[in-house]
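# Coordinates in review
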Amino acid sequence: MAYFINKKKEKIHYKSLKGKSPGIIFIHGLNSDMSGQKAISVEKYAKKNKLHFIRFECRGHGKSSGKFEDFTISDWKKDLIDVIDNIAKGPQILVGSSMGGWLMFLAAKARSSRIAGMVGLAAAPDYIDGFYNDLSNKKKEELNKKGFIKYSSYGFSYLVKKKYIIDGRKNKILNKEFKWNKPLILIQGLKDNVVKSDIPEKIVKKVKGNQIQIKLLKNSDHRLSEPFDLKVINESIASAIKKS
């Protein structure tokens, strides 16, 4: 394990494997980290195939610097771009889980020449409006008055600041067409109760390209961490590499 020190002298925790191009970067989800089953499975795939690989933790997550509530989508996008610019070498396949899928698209727009393909795992671009709309009126009032709220979801409890909502809205990618003529594979579980199963369709309506696939997994949930899910993820990465 290692740390990248950014321009603000903050630490980004990461692990990398040396190998061939294109490399693979795994991007975790909201309030997650780089030690989940999907990240480890993709690392094993990279190691087996002698591919360069990086998994890392956005600031406010895992062993990286800071508290979760002090950061925004723009900050986490910057973390991913720092990894691409300073740790990764050559073309990369981005594998983004949930919120990591949003960061994946933002980085692909910002560093399109470096990104050879994308694999979204229950990718959740632009989720911020849905998040805000689902808050109770009482929570919305509290957020506007205090500037923050305590939010609980799926066993996690954390602080959410108003700036997180405002910044998220500035980072939308589905409000206009996005040209992408490289591989994009979106994997979605139909039993996902976090990201709705119509999200991949909404994404492909805005992303214009001829190498786009949606894979719907009938019995899979948001975690996409069962053996069958992990197999589909690795096969999708192999397909993206072959076509890149």
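Keep in mind that what you see is a predicted model, and the values were worked out from it rather than measured.

### Here we look at the pairing of strand 3 (residues 20-27)
The buried fraction of strand 3 is high, at six of eight residues. Bridge count for strand 3 against strand 4 (residues 51-56) is four bridges, and the pairing is parallel. In the strand pairing of strand 4, I24 is matched with F53. Between the parallel elements strand 3 and strand 4, the chain passes through helix 1 (residues 37-48) in a crossover that is right-handed. Across five bridges, the pairing between strand 3 and strand 5 (residues 92-97) is parallel. Looking at strand 5, one finds that I25 is bridged to L94.

### Remarks on the pattern of salt bridges
Throughout the structure, instances matching the rule amount to 17 salt bridges. Across the salt bridge formed by D82 and K78, the nearest N and O atoms sit 2.9 Å from each other. Note that D82 and K78 are positioned in helix 2 (residues 73-86) at a spacing of four residues, about one turn of the helix. On the accessibility criterion, D82 (7% relative accessible area) is buried. Note on K78: relative accessible area 40%, which makes it partly exposed. For K146, the salt bridge is made with E142, and the minimal N-O distance between the two is 3.5 Å. Highlighted residues: K146 and E142, both in helix 5 (residues 137-146), separated by four residues, approximately one helical turn. Look at the salt bridges and you will find they share partners, linking E10, R59, D75 and D79 into a network.

The rules behind the values
- Residues numbered from 1 in each chain as written.
- Predicted model: local features only at pLDDT ≥ 70, side-chain atom pairs only at ≥ 80, totals over all residues.
- Heavy atoms only, no water.
- Buried < 20%, exposed > 50% of the residue type's maximum accessible area, 1.4 Å probe, protein only.
- Helix = DSSP H or I, 4+ residues; strand = E, 2+ residues; numbered from the N terminus.
- Pairing = 2+ DSSP bridges.
- Right-handed = clockwise from strand over helix to strand, strands pointing away.
- Salt bridge = Lys/Arg side-chain N within 4 Å of Asp/Glu carboxyl O.

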